[in-house]
Amino acid sequence: DAGVTQSPTHLIKTRGQHVTLRCSPISGHKSVSWYQQVLGQGPQFIFQYYEKEERGRGNFPDRFSARQFPNYSSELNVNALLLGDSALYLCASSLGQGRFGYTFGSGTRLTVV
Amino acid sequence: GDSVTQMEGPVTLSEEAFLTINCTYTATGYPSLFWYVQYPGEGLQLLLKATKADDKGSNKGFEATYRKETTSFHLEKGSVQVSDSAVYFCALSDRGTNAGKSTFGDGTTLTVKP
């Protein structure tokens, strides 16, 4: 079975631009969560979607948005990119809402210049 | 809010040495606790978990016990290998309305030398 897949793997954007990151969960997993990991730190929670509804939002500005599609794949959108948005963006999926842990993808490395 | 504090690294050990990485947490509810491992250039992998007090999670020779009285979940391994070199993250996942949010520590880098 395929694991959690994320695309693209690497991305370079200019300040002020918009970016869309994509995630496909493990087959059968209905929950997708997004995390931002800055170098040297632990992942920070951005969003969780479960059964296509937003179930949680972390402390990120409104420039960050996400959605989940009927096939449970998900997109994370970031508008008006700042240099500080440079990070590894991780997608994680689980059967339920995460009480028993997540399976993470390998991430998208976003560099804002 | 919820928080996780991990032992600061980096940690360098010789092969076959005993490993302990300390982790303590603060949570308003009754969380599930996890250890994740991240190898260079990869995402996080769930190493082990415990969902209630006194539970012991174990996997690949690693163990951690959920200690509610000391709010701790220390990671241990009796004999480390070079292949265990990675970054280890302690995390918690609360229940109820915040069940989907996991809170992570800042990670501890382990290097095992032959």
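Here the structure is a predicted model, which is why all the values come from computation and not from measurement.

Engineer: For this particular structure, what's the right way to read the overall build of chain B?
Structural biologist: Along chain B, the regular secondary structure elements total zero helices and 12 strands. Compactness check: chain B gives a C-alpha radius of gyration of 14 Å against a globular reference of 13 Å for 114 residues, within 12% of the reference. When its C-alpha atoms are laid out on the principal axes, chain B stretches across 45 × 30 × 20 Å. A burial count over chain B gives 45% of its 114 residues as buried. Partitioning the contacts of chain B with sequence separation of at least 6, the portion at a separation of at least 24 is 56%. Chain B carries 10 positive and 13 negative side-chain charges, and their two centres are separated by 5 Å.

Engineer: Honestly, the sheet that holds strand β8 (residues 74-78) of chain A in this entry has me stumped. Any pointers?
Structural biologist: Hydrogen bonds between backbone atoms are what pair the strands of a sheet, whose relative direction is either parallel or antiparallel. Residue and element names in this part refer to chain A. Pairing in this open sheet of four strands is antiparallel, and the strands run β1-β3-β8-β7 from one edge to the other. Edge positions in the sheet fall to β1 (5-7) and β7 (64-68), since each has one partner strand and no second. Between one strand axis and the next, the sheet turns through 15° on average, direction left out of account. In this structure, β7 lies alongside β8, joined through five bridges in antiparallel fashion. Within the sheet, the bridge partner assigned to Ser65 lies in β8 and is Asn77.

Engineer: I would appreciate a short explanation of the pattern of salt bridges in the present structure.
Structural biologist: Side chains that differ in charge, positive against negative, can pair when their charged atoms come close. All names here are of chain A. For the structure shown, the criterion picks out nine salt bridges over all chains. Between Arg22 and Glu75 there is a salt bridge; the shortest N-O distance is 3.5 Å. Pair noted here: Arg22 is in strand β3 (residues 19-24) and Glu75 is in strand β8, with a separation of 53 residues, a long-range link. Residue classification places Arg22 among the partly exposed positions, given a relative accessible area of 42%.

Engineer: Which parts of the structure should I look at to understand the nonpolar core?
Structural biologist: Buried together is how nonpolar side chains tend to be arranged in soluble globular proteins. Counting residues in each nonpolar core, the largest one holds 25 residues, and the members touching the most others are Trp35, Leu48, Phe73, Leu75 and Tyr88 of chain B. Elements with a contribution of two residues or more to this core: β2 (11-14), β3 (19-21), β4 (23-26), β5 (32-38), β6 (44-50), β8 (62-65), β10 (86-93) and β12 (108-113) of chain B. If you tally residues by element for this core, the top one is β10 of chain B, at four residues. Contact partners of Leu75 of chain B, with chain neighbours within four places excluded, come to Leu19, Thr20, Ile21, Trp35, Leu47, Leu48, Phe62, Glu63, Ala64 and Tyr88 of chain B. Membership of the second largest hydrophobic core comes to 22 residues, among which are Val4, Leu11, Phe47 and Val78 of chain A.

Engineer: Sorry, what's going on with the pairing of β6 of chain B here?
Structural biologist: The two faces of the sheet receive side chains in turn, since in a regular strand these alternate between them. Residues and elements named next belong to chain B. Relative to β6, β5 is paired through six bridges, and the arrangement is antiparallel. Directly across from Gln38, in β6, lies its bridge partner Leu44. Remark: five residues form the turn of the hairpin made by β5 and β6, two consecutive strands paired antiparallel; Gly41 in that turn has positive phi of roughly 75°.

Engineer: Looking at this model, I keep getting lost on the interface of chain B and chain A. Mind explaining?
Structural biologist: By a frequent convention, interface size equals the accessible area lost on bringing the separate parts together. Contact with chain B, which involves 21 residues of that partner, is made by 21 residues of chain A. Between chain B and chain A the total buried area reaches about 1,600 Å² when both faces are included, carbon and sulfur atoms providing 52% of it. If you sort the residues of chain B by the area they bury against chain A, Leu44, Gly100 and Phe104 of chain B come out on top, with a joint share of 28%. For the pair chain B and chain A, the number of links is zero salt bridges. Taken together, the connections running from chain B to chain A amount to three residue pairs in polar contact (both at pLDDT 80 or more). Counting residues per element, the ones that place at least two in the side of chain B that touches chain A are β5, β6, β10 and β11 (102-104) of chain B. The element that contributes the greatest number of residues to the side of chain B that touches chain A is β5 of chain B, accounting for four residues. Classifying every residue of the side of chain B that touches chain A gives seven nonpolar, nine polar and five charged.

Engineer: Got a minute to help me understand the side chain of Gln37 of chain A in this structure?
Structural biologist: You can see Gln37 of chain A is positioned in strand β4 (residues 31-37). For Gln37 of chain A, a relative accessible area of 7% corresponds to the buried category. There is a polar contact of 3.1 Å between the side chain of Gln37 of chain A and the side chain of Gln38 of chain B. Other than its neighbours up to four places away in sequence, Gln37 of chain A contacts Gly42, Pro43, Ala87, Leu88 and Leu90 of chain A together with Gln38, Leu44 and Phe89 of chain B.

Cut-offs applied
Residues numbered from 1 in each chain as written. Chains lettered and ligands numbered in written order. Predicted model: local features only at pLDDT ≥ 70, side-chain atom pairs only at ≥ 80, totals over all residues. Heavy atoms only, no water. Helix = DSSP H or I, 4+ residues; strand = E, 2+ residues; numbered from the N terminus. Rg over C-alpha atoms; globule rule 2.2 N^0.38 Å. Buried < 20%, exposed > 50% of the residue type's maximum accessible area, 1.4 Å probe, protein only. Contact = heavy atoms within 4.5 Å. Lys, Arg positive; Asp, Glu negative; His and termini not counted. Charge placed at Lys NZ, Arg CZ, Asp CG, Glu CD. Pairing = 2+ DSSP bridges. Axes fitted to C-alpha atoms, helices over the stretch in contact; angles between N-to-C directions. Salt bridge = Lys/Arg side-chain N within 4 Å of Asp/Glu carboxyl O. Core = buried A, V, L, I, M, F, W, Y, C linked by side-chain atoms within 4.5 Å. Buried area = accessible area lost by both parts, 1.4 Å probe. Polar contact = N/O pair within 3.5 Å; in protein donor to acceptor, adjacent residues only side chain to side chain. Nonpolar A, V, L, I, M, F, W, Y, C, P; charged D, E, K, R; others polar.

Taken by themselves, the reported measurements are silent on function.
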